Amino acid sequence: MYWIQWVAPVVAIVVIVFGAILLWLGRKQYARQQQKIASFELLTKRMVKSHDSMYKQFTEVHAANHSMAKRVAELENIVEQTANRQNEIVTQDPDSKLYTRAVKMVELGADIEEVMSECELPRAEAELLYTLHGKPLSRRP
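Below is a short write-up of the structure. Everything numeric in this text was worked out from a predicted model, so none of it was measured.

Thoughts on the packing of helix α3 (residues 112-119) against helix α4 (residues 123-132)
Reasoning step 1: At their nearest, the axes of α3 and α4 sit 10 Å apart, and the two run at 120 degrees to each other. Taken together, the axes of α3 and α4 lie oblique to each other. Considering only the axes of α3 and α4, their crossing is right-handed. Listed contacts from α4 to Ile112, Glu113, Val115 and Met116 of α3 are Arg123, Ala126, Glu127 and Tyr130.

Some remarks on the pattern of salt bridges
Reasoning step 1: Per the counting criterion, the structure on display carries four salt bridges.
Reasoning step 2: The partner of Glu74 in a salt bridge is Arg71, and the shortest N-O contact between them spans 3.4 Å. On the criterion of helical spacing, the pair formed by Glu74 and Arg71 is a turn pair, its members being three residues apart in helix α1 (residues 2-92).
Reasoning step 3: What makes Arg71 partly exposed here is its relative accessible area of 42%.
Reasoning step 4: Where Glu113 meets Arg123, a salt bridge forms, and the shortest distance between an N and an O atom there is 2.4 Å. A residue pair is termed long-range when its members are at least 10 positions apart, and Glu113 in helix α3 and Arg123 in helix α4 qualify at 10 residues.
Reasoning step 5: We classify Arg123 as partly exposed; its relative accessible area is 30%.
Reasoning step 6: A network of salt bridges, in which partner residues are shared, links Glu113, Arg123 and Glu127.

Section: a nonpolar patch on the surface
Reasoning step 1: A contiguous nonpolar patch, built from Val10, Ile13, Val14, Val17, Phe18, Ile21, Leu22, Trp24 and Leu25 and spanning about 880 Å² of accessible area, is present on the exposed surface.
Reasoning step 2: Summarising the element assignment, Val17 is placed in helix α1.

A word on α4
Reasoning step 1: All of the buried residues along α4 are Ala126, Leu129 and Tyr130. Mapping the buried residues of α4 onto a view down its axis gives an arc of 100 degrees, with all of them on the same face. In α4, the exposed residues that point more than 90 degrees away from the buried face are Ala124, Thr131 and Leu132.
Reasoning step 2: Of the residues one or two after α4, Gly134 is the one with positive phi, at around 65 degrees.

Examining the nonpolar core
Reasoning step 1: The biggest cluster of nonpolar side chains holds 13 residues, and the ones touching the most others in it are Ala102, Val115, Leu121 and Leu129.
Reasoning step 2: Contributing elements (two or more residues each) for this core: α2 (94-108), α3 and α4.
Reasoning step 3: If we ignore the near neighbours within four places in the chain, the residues touching Leu129 are Tyr99, Ala102, Val103, Val106 and Leu121.

Focus: α3
Reasoning step 1: Listing the buried residues of α3 in full gives Ile112, Val115, Met116 and Cys119. Considered in projection along α3, the buried side chains sweep an arc of 100 degrees and stay on one side of the axis.

Digging into unusual backbone geometry
Reasoning step 1: In this structure, Glu120 takes a positive phi of about 55 degrees despite not being glycine.
Reasoning step 2: With respect to the element layout, Glu120 can be found in the loop between α3 and α4.
Reasoning step 3: By relative accessible area, Glu120 is classed as exposed at 67%.

Conventions we followed
Along each chain, residue indices are assigned from 1 in the same order as the chain's sequence is written. Since the coordinates come from a predicted model, pLDDT governs what is reported: local features require at least 70, and pairs of side-chain atoms require 80 or more to be given and counted, while whole-chain, interface and lining totals use all residues. Only hydrogens and water are removed before side-chain values are computed, so all heavy atoms of the structure are retained for them. The convention used is that axes are lines fitted to C-alpha atoms, helices contributing only their stretch in contact, and that angles between N-to-C directions extend from 0 to 180 degrees. Helix numbering and strand numbering both begin at the N terminus, where a helix is a DSSP run of H or I of at least 4 residues and a strand a DSSP run of E of at least 2. Throughout this description, any angle smaller than 35 degrees is read as roughly parallel, any larger than 145 degrees as roughly antiparallel, any in the 65 to 115 degree range as roughly perpendicular, and the remainder as oblique. Two helices crossing with the near one rotated counterclockwise from the far one by less than a right angle form a left-handed crossing, whereas a clockwise rotation gives a right-handed crossing. Working rule for contacts: check all heavy atoms of both residues, and any pair within 4.5 Å makes them a contact. A side-chain nitrogen of Lys or Arg and a carboxyl oxygen of Asp or Glu constitute a salt bridge if their distance falls within 4 Å. Burial status follows relative accessibility: with a 1.4 Å probe on protein chains alone, a residue under 20% of its type maximum counts as buried, one over 50% as exposed, and anything between as partly exposed. Like charges are joined within 9 Å and nonpolar side chains (Val, Leu, Ile, Met, Phe, Trp, Tyr) within 5 Å, but only among residues with over 30% relative accessible area and no salt bridge; these make up the patches. For accessible areas, the Shrake-Rupley method is used with a probe of radius 1.4 Å. Any residue's cover is judged against the shown protein chains and nothing else. The arc under discussion is defined with respect to the helix axis, by the directions toward the C-beta atoms. Within this scheme, the nonpolar core is defined by two criteria: the residues are buried Ala, Val, Leu, Ile, Met, Phe, Trp, Tyr or Cys, and they are joined through side-chain atoms within 4.5 Å.

Now the structure itself:
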């Protein structure tokens, strides 16, 4: 039983040493985990900041897009009104009707005398229409 007196202190020392080693390893592991957590927190903060910046840019682009769409709609309306007004002017202008009729007559092959009398055009204007439309001057035989 004498050896038990020596073994007990040795086992106690071994347990204390192993406990100290485990405690040291645990603290070292804890410190590594804390470093990882800190780096993840920093990364998360950067990502949130980047997200906020991108969201702000997206909001600005969206607002600009909305303004641009509104302006395009206004311009489309103006173009439509202009086209309608132009059509009104063309249909209201009696000279325009005569020139339109004269062009159709030229395209259908009417002779120059007929175009001049039907559309009340001087010879020079009738000849100009024939020239512009690439038609030979046709005269009655």
